[in-house]
Protein chains: 2
Amino acid sequence: MTHEIGIGFLGMGNVGEKVVATLLERSDAFREQTGATLTLRRVAVRDPGRARGIDLPAGVLTGDAGEVLDDASIDIVVEVIGGDGAAGEYVRRALAGGKHVVSANKELVAKAGPELFDLARASDAALRFEASVGGGIPVISPLLRDLPANRVVAIRAIINGTTNFILTNMAQRGESFDDALTQAQELGYAEPDPTNDVDGYDAAFKIAIMAGLAFGAYVPPEGVATEGIRSLAPQDFQYARELGYVIKLLAIAERHDDGVLARVHPALLPESEPLARVDGVQNAAQIQGDLAGTLTFQGAGAGAAPTTSAVLADVLDIARSLAAGARPHWDPGPWRNGETLGLGALETRYYLRMTVLDQPGVLAQIARVLGEAEVSIAAVEQRETDEERGTAELALMTHRARELSVTGAIETLRGLGEVIEVNAMLRVEGTT
Amino acid sequence: MTHEIGIGFLGMGNVGEKVVATLLERSDAFREQTGATLTLRRVAVRDPGRARGIDLPAGVLTGDAGEVLDDASIDIVVEVIGGDGAAGEYVRRALAGGKHVVSANKELVAKAGPELFDLARASDAALRFEASVGGGIPVISPLLRDLPANRVVAIRAIINGTTNFILTNMAQRGESFDDALTQAQELGYAEPDPTNDVDGYDAAFKIAIMAGLAFGAYVPPEGVATEGIRSLAPQDFQYARELGYVIKLLAIAERHDDGVLARVHPALLPESEPLARVDGVQNAAQIQGDLAGTLTFQGAGAGAAPTTSAVLADVLDIARSLAAGARPHWDPGPWRNGETLGLGALETRYYLRMTVLDQPGVLAQIARVLGEAEVSIAAVEQRETDEERGTAELALMTHRARELSVTGAIETLRGLGEVIEVNAMLRVEGTT
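Here's what I pulled together on the structure shown here. Because the structure is a prediction, the values reported are computed rather than measured. (Residues numbered from 1 in each chain as written. Chains lettered and ligands numbered in written order. Predicted model: local features only at pLDDT ≥ 70, side-chain atom pairs only at ≥ 80, totals over all residues. Heavy atoms only, no water.)

Digging into the overall build of chain A
Okay, so step 1: Scanning chain A from N- to C-terminus turns up 14 helices and 20 strands.
Okay, so step 2: By the compact-globule yardstick of 22 Å for 432 residues, chain A fits well, its C-alpha radius of gyration being 24 Å.
Okay, so step 3: The C-alpha extent of chain A, read off along each of the three principal axes, is 85 × 45 × 35 Å.
Okay, so step 4: With 38 positive and 60 negative side-chain charges, chain A shows a separation of 5 Å between the mean positions of the two kinds. (Helix = DSSP H or I, 4+ residues; strand = E, 2+ residues; numbered from the N terminus. Rg over C-alpha atoms; globule rule 2.2 N^0.38 Å. Lys, Arg positive; Asp, Glu negative; His and termini not counted. Charge placed at Lys NZ, Arg CZ, Asp CG, Glu CD.)

Structural data, given as structure tokens:
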């Protein structure tokens, strides 16, 4: 006799529809794989009367989440609502009630991970969330199941498709941020309110989750130093290219002696790095383990079908355990409250762009200020910008320096009469 | 009370030493992760008297594999002997005796997979082999655990570090195959007898395993159409570069309507493809699922530390299940005997290099022969090679054509008086 496993859904947008459709279409294959029949019981949505892109069996759709959460015949709840409002309440109730939860909700897991894991542990339920980071690219599973013998040293990732699409267009077509954003919006790659993506919050949720799993220490989203891409100008891409670099929004988490440094910001990356060639809406994550070395995982980081692949991987894994009579709990372990470091702990190379007076001795002045702050210059490019006003633009790359030294030096530079503005400070990642 | 799990080793070369050392060094972390104490019981080696790079606890080393296989206190056997001789016998005995087996042995799994899975199933034991393909890169686990909802369409991989190192040197330094091989041997990247690597057998074992898992149909190693890299000449790399391609030894498995086509051969790959930039001893695998799209996994495909990462991922996964009182069996499902297709089923683009008489009308003759075989030419380069003898070299790229048409046309070309030799025929992968 095959085991029967009841599945309930919370929410049903594009991703939910694709998950449900796949579950219905491939039920025979999934039965063969798991030894269990996966039965769709209930789908709770805000507006059950709305037209859907999928024909659901009669009686499945409901406007009441309670009909999913309180249905004893539902073993696994798939949450595809998103955000930490209603979704958070429902997931807590589902876990407290002993239901296994598969969620694609990065915001919820990033903000409430430790509490949710405790809830799951207390009621012997599984909480799985592969789809919360990297769409169809396995990034959670490698951290939990493929690299457990490693001490993870660092994670470096391009995990926001919207910004990567915008940056790719700025780099390849010389577009301004505003034009590239408009185009992304027209193509549906950016929301009407793009804040969550372009200011780096989405990537911050994702790196917070990855850092927690990699380092066993909870990194709250507000512990991730986050800068977006709004201030990037076309000439930054041009200078970067001349210096042999590309500009990417990177999400980085590193283990330091005294804590974890997690950050999201645009950065210059050498053209020779594998991540430098991850363009458009593609995502990629590099995980550096002390045994495995640097592993790169690349693919589609969003979209209904890739996300469905990730959601169903978790559902099928739980189903397989249940069918075998085992507990499907995959516990990431207690997330201790780790020490989260700020950018003050950072030491790397820096790219600076500034507008200066086009007169003799200015570069010497700037070099002196940087030198006094123990920041040494590796490369300089100067370009006349405004003959009438007598100004020039200076782009420079430093050797490895402390972030605090660089930001201190920038303050001093801003006080110089010869420096009209320091327009950009970007970190440089990769080979030192 | 923590569960105690006994571990035994069969063989202990470089990889085995690193696995044992890591197991001993990280026992506390592993206990915390799995809920079990992993205790090293026995290590069976051919010559227990030989000096080792590791201090083993007294009484662990033995010259008798039976002391591992018959020790009731050993739950998990790690096999790092390799090959299908003694290792095969021991693995069969271990599984038959209900011991879980973690193996790094691609040859054994590729040749005897179905039999071993049946043995494991019959005695409720797990057989795990992540380390058998791709060193520290997760490639088995993605197929089994991350992509189960997908219908896998194709796998394309660079999974032999030795040949990739040789091809990278031939491409970047214009070296001959013999010189590049000698250098690889001097650096320890190639064996004194390099056959297994350079003739493609190692890659064939690995793609056979991946194909079996991806398509649920057993592909025996002899069902993989296999060509090595010995016949590649420096000018092939030069023509490839001029046409915008690189040459890589690819291992490919594709699902066709009537079966699985698995092959290992050198191929031209567009420079823009991610796999084209996988150089030196790096490995990478692309798995194309109908939901997830194309995923790329890249990293170190060999070496003691990366392989240890993979072996221990399997050991820890089994230990976690045992500690939770569950059956650790991860069954890839019955490998049906699938229909294995030959290269006759292939349709792709082709690169041909030939030596011809340098006289008017030769190209027209060649184009006529190809045209009659329904092979159309996409690009041609001609170069005078020997003024005295009046010969020239012709490199050409075809449009998409049937393999049988191309090989047939080559036969006809060889019969033409104007064609001195058809020196190379390489398949072209990637964008058509």
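A closer look at the interface of chain A and chain B
Okay, so step 1: Across the boundary between the two partners, chain A contributes 42 residues, which contact 42 residues of chain B.
Okay, so step 2: For the pair chain A and chain B, the two sides together bury roughly 3,300 Å², of which 52% comes from carbon and sulfur.
Okay, so step 3: Counting every contact that joins chain A to chain B gives four salt bridges.
Okay, so step 4: The interface formed by chain A and chain B contains 12 residue pairs in polar contact (both at pLDDT 80 or more).
Okay, so step 5: Of all the secondary structure elements, the ones that give two or more residues to the side of chain A that touches chain B are α1 (14–25), α2 (27–34), α6 (140–146), β13 (293–300) and α12 (304–323) of chain A.
Okay, so step 6: Counting residues per element, the side of chain A that touches chain B draws most heavily on α12 of chain A, which supplies nine residues.
Okay, so step 7: Of the residues that constitute the side of chain A that touches chain B, the class distribution is 19 nonpolar, 11 polar and 12 charged.
Okay, so step 8: When β13 of chain A meets strand β13 (residues 293–300) of chain B, the two strands line up antiparallel, connected through three bridges. (Contact = heavy atoms within 4.5 Å. Buried area = accessible area lost by both parts, 1.4 Å probe. Salt bridge = Lys/Arg side-chain N within 4 Å of Asp/Glu carboxyl O. Polar contact = N/O pair within 3.5 Å; in protein donor to acceptor, adjacent residues only side chain to side chain. Nonpolar A, V, L, I, M, F, W, Y, C, P; charged D, E, K, R; others polar. Pairing = 2+ DSSP bridges.)

Focus: the packing of α2 of chain A against α12 of chain A
Residue and element names in this part refer to chain A.
Okay, so step 1: Look at α2 against α12: their axes get within 9 Å of each other, and the N-to-C directions meet at 50°. Here α2 is positioned oblique relative to α12, judged by the angle of their axes. The interaxial crossing formed by α2 with α12 has right-handed handedness. In this structure, α2 uses Phe30, Gln33 and Thr34 to contact α12, whose residues at the interface are Leu312, Leu316, Ala319, Arg320 and Ala323.
Okay, so step 2: For the contact of α2 with α12, the per-class residue count stands at five nonpolar, two polar and one charged. (Axes fitted to C-alpha atoms, helices over the stretch in contact; angles between N-to-C directions. Parallel < 35°, antiparallel > 145°, perpendicular 65-115°, else oblique. Left-handed = near helix turned anticlockwise from the far one by under 90°.)

Here's the deal with the pattern of salt bridges
Okay, so step 1: Tallied over the entire structure, the rule returns 64 salt bridges over all chains.
Okay, so step 2: Across the pair Arg145 of chain B and Asp146 of chain A runs a salt bridge whose closest N-O atoms are separated by 4.0 Å. Taken together, the residues Arg145 of chain B in helix α6 (residues 140–146) and Asp146 of chain A in helix α6 connect one chain to another. For the residue pair Arg145 of chain B and Asp146 of chain A, the accessibility class agrees, reading buried in each case.
Okay, so step 3: We note a salt bridge from Arg263 of chain B to Glu429 of chain B, for which the minimum N-O separation is 2.8 Å. (Buried < 20%, exposed > 50% of the residue type's maximum accessible area, 1.4 Å probe, protein only.)

What about the relation of the copies chain A and chain B?
Here the second copy of the chain follows from the first by a rotation about an axis and a shift along it.
Okay, so step 1: For these two chains of identical sequence, chain A goes onto chain B by a turn of 180° and a shift of 0.0 Å along the axis, with RMSD 0.0 Å. Read as a symmetry element, the transformation amounts to a two-fold axis.
Okay, so step 2: Interface residue correspondence from chain A to chain B reaches 100%, placing this contact among same-surface, isologous pairings. (Least-squares fit on C-alpha atoms with pLDDT ≥ 70 in both.)

Description of the side chain of Lys248 of chain A
Okay, so step 1: The residue Lys248 of chain A is located in strand β10 (residues 245–256) in this model.
Okay, so step 2: Its relative accessible area of 3% is what places Lys248 of chain A among the buried residues.

Examining the sheet that holds strand β5 (residues 100–103) of chain B
Within a sheet, neighbouring strands are paired by backbone hydrogen bonds and run either parallel or antiparallel to one another.
Residues and elements named next belong to chain B.
Okay, so step 1: A sheet is described by the order of its strands in space; here six strands give the open sequence β3-β2-β1-β4-β5-β6, paired in parallel fashion. Each edge of the sheet is formed by a strand with only one pairing partner; in this case those strands are β3 (61–62) and β6 (127–128).
Okay, so step 2: Against the sheet, helix α12 (residues 304–323) engages β1 (3–10), β2 (36–44), β4 (76–79), β5 and β6, with an angle of about 165° to β5.

Side note on the pairing of strand β12 (residues 282–289) of chain B
Here is the key point about a regular strand: its side chains alternate between the two faces of the sheet.
Residue and element names in this part refer to chain B.
Okay, so step 1: With six of eight residues buried, β12 is to be regarded as a mostly interior element.
Okay, so step 2: As paired strands, β12 and β13 are joined by eight bridges and run antiparallel to one another. For Ile287, the partnering residue across the bridge sits in β13 and is Leu295.
Okay, so step 3: Counting the residues in the hairpin turn of β12 and β13 gives three residues.

Overview of helix α7 (residues 161–173) of chain B
Residues and elements named next belong to chain B.
Okay, so step 1: For α7, spanning 13 residues, the distance from its first C-alpha to its last is 18 Å, which sits close to the expected 18 Å at 1.5 Å a residue.
Okay, so step 2: Summarising burial for α7: 10 of the 13 residues are buried, a large majority.
Okay, so step 3: Listing the buried residues of α7 in full gives Gly161, Thr162, Thr163, Asn164, Phe165, Ile166, Leu167, Thr168, Asn169 and Met170.
Okay, so step 4: The elements touched by buried residues of α7 are β7 (152–158), α8 (177–186), α9 (195–198), α11 (234–243), β10 (245–256) and β12.
Okay, so step 5: Sitting at the amino-terminal end of α7 is Asn160, which places a side-chain oxygen 3.3 Å from the backbone nitrogen of Thr162.
Okay, so step 6: A positive phi of about 65° marks Gly174, the residue just after α7. (Expected span 1.5 Å × (residues − 1).)

Let's talk about the nonpolar core
Okay, so step 1: Of all hydrophobic cores here, the largest spans 161 residues; its most connected members are Ile166, Leu268 and Tyr351 of chain A together with Ile166, Leu268 and Tyr351 of chain B.
Okay, so step 2: In this structure, Leu268 of chain A is in contact with Ala240, Tyr245, Val246, Ile247, Tyr351, Met397, Leu426, Arg427, Val428 and Glu429 of chain A, ignoring residues within four places of it in sequence.
Okay, so step 3: Residues Leu40, Ile54, Val78 and Ala131 of chain B belong to the second largest nonpolar core, which totals 33 residues. (Core = buried A, V, L, I, M, F, W, Y, C linked by side-chain atoms within 4.5 Å.)

Concerning the sheet that holds strand β3 (residues 61–62) of chain A
Residue and element names in this part refer to chain A.
Okay, so step 1: One open sheet holds the six strands; their spatial order is β3-β2-β1-β4-β5-β6, and the pairing between them is parallel. The sheet is open, and its two borders are formed by β3 and β6 (127–128), each paired with just one other strand.
Okay, so step 2: Where strand β2 (residues 36–44) and β3 come together, two bridges link them in parallel fashion. Residue pairing for β3: Val43 is matched across the bridge by Leu61.

Regarding unusual backbone geometry
Okay, so step 1: With a phi close to 60°, Asp124 of chain A is a non-glycine residue in the positive phi region.
Okay, so step 2: With respect to the helices and strands, Asp124 of chain A occurs in the loop between α5 (106–122) and β6.

Re the side chain of Ser132 of chain A
Okay, so step 1: Looking at where Ser132 of chain A falls in the secondary structure, it is placed in the loop between β6 and α6.
Okay, so step 2: Not counting chain neighbours up to four residues away, the residues in contact with Ser132 of chain A comprise Ser103, Ala104, Asn105, Lys106, Lys206 and Ile209 of chain A.

Overview of a nonpolar patch on the surface
Okay, so step 1: On the surface, Leu187, Tyr189 and Val281 of chain A cluster together to form a nonpolar patch covering roughly 260 Å² of accessible area.
Okay, so step 2: With respect to the element layout, Leu187 of chain A can be found in the loop between α8 (177–186) and α9 (195–198). (Patch = residues over 30% accessible without salt bridge, like charges linked within 9 Å, V, L, I, M, F, W, Y side chains within 5 Å. Areas by Shrake-Rupley, 256 points an atom, 1.4 Å probe, with all protein chains shown as cover.)

Details of the environment of Val15 of chain A
Residue and element names in this part refer to chain A.
Okay, so step 1: Among the structural elements, Val15 can be located in helix α1.
Okay, so step 2: Remark: the alpha-carbon pair of Val15 and Gly303, spanning 288 residues in sequence, is separated by 7.5 Å.
Okay, so step 3: Excluding residues within four positions of it along the chain, Val15 makes contact with Val80, Ala304, Thr307 and Thr308.

Looking at α5 of chain A
All names here are of chain A.
Okay, so step 1: Within α5, the axis deviates most sharply at Ala112, by approximately 85°, and proline Pro114 lies no more than four positions further along.
Okay, so step 2: Within α5 the residues assigned to the buried category are Leu108, Val109, Ala110, Ala112, Gly113, Leu116, Phe117 and Ala120.
Okay, so step 3: Each element contacted by the buried residues of α5 is listed here: β4 (76–79), α4 (86–96), β6, α10 (201–215) and β8 (217–218).
Okay, so step 4: Its side-chain oxygen 3.3 Å from the backbone nitrogen of Glu107, Asn105 forms the N-cap of α5. (Bend = angle between axes of the 7 residues up to and from the residue.)

A short note on the environment of Asp199 of chain B
All names here are of chain B.
Okay, so step 1: As for its position among the elements, Asp199 is in the loop between α9 and α10 (201–215).
Okay, so step 2: The exposure class assigned to Asp199 is buried, which follows from its relative accessible area of 17%.
Okay, so step 3: Residues Asp199 and His265 lie 66 residues apart in sequence; the distance between their C-alpha atoms is 9.0 Å.
Okay, so step 4: Not counting chain neighbours up to four residues away, the residues in contact with Asp199 comprise Thr226, Glu227, Gly228 and Arg230.
Okay, so step 5: Separated by 2.8 Å, the side chains of Asp199 and Arg230 make a polar contact.

Remarks on the pairing of strand β11 (residues 259–270) of chain A
All names here are of chain A.
Okay, so step 1: Counted residue by residue, β11 has 12 buried out of 12 residues, so it is predominantly covered.
Okay, so step 2: Pairing geometry for strand β9 (residues 225–226) and β11, over two bridges, is parallel. Paired with Ala225 across the two strands is Arg263, which belongs to β11.
Okay, so step 3: Taken together, the 12 bridges between β10 and β11 define a ladder with antiparallel strand orientation. Within β11, the residue paired with Leu250 across the bridge is His265.
Okay, so step 4: Hairpin connection of β10 to β11: two residues between the antiparallel strands.
Okay, so step 5: Both β11 and strand β15 (residues 340–341) contribute to a ladder of two bridges, which runs parallel. Along β15, the bridge assignment pairs Leu261 with Leu341.
Okay, so step 6: Note that β11 and strand β20 (residues 419–428) share two bridges and pair parallel. Counted as the bridge partner of Leu268 is Val428 from β20.

The values reported here are purely geometric and, on their own, carry no functional implication.
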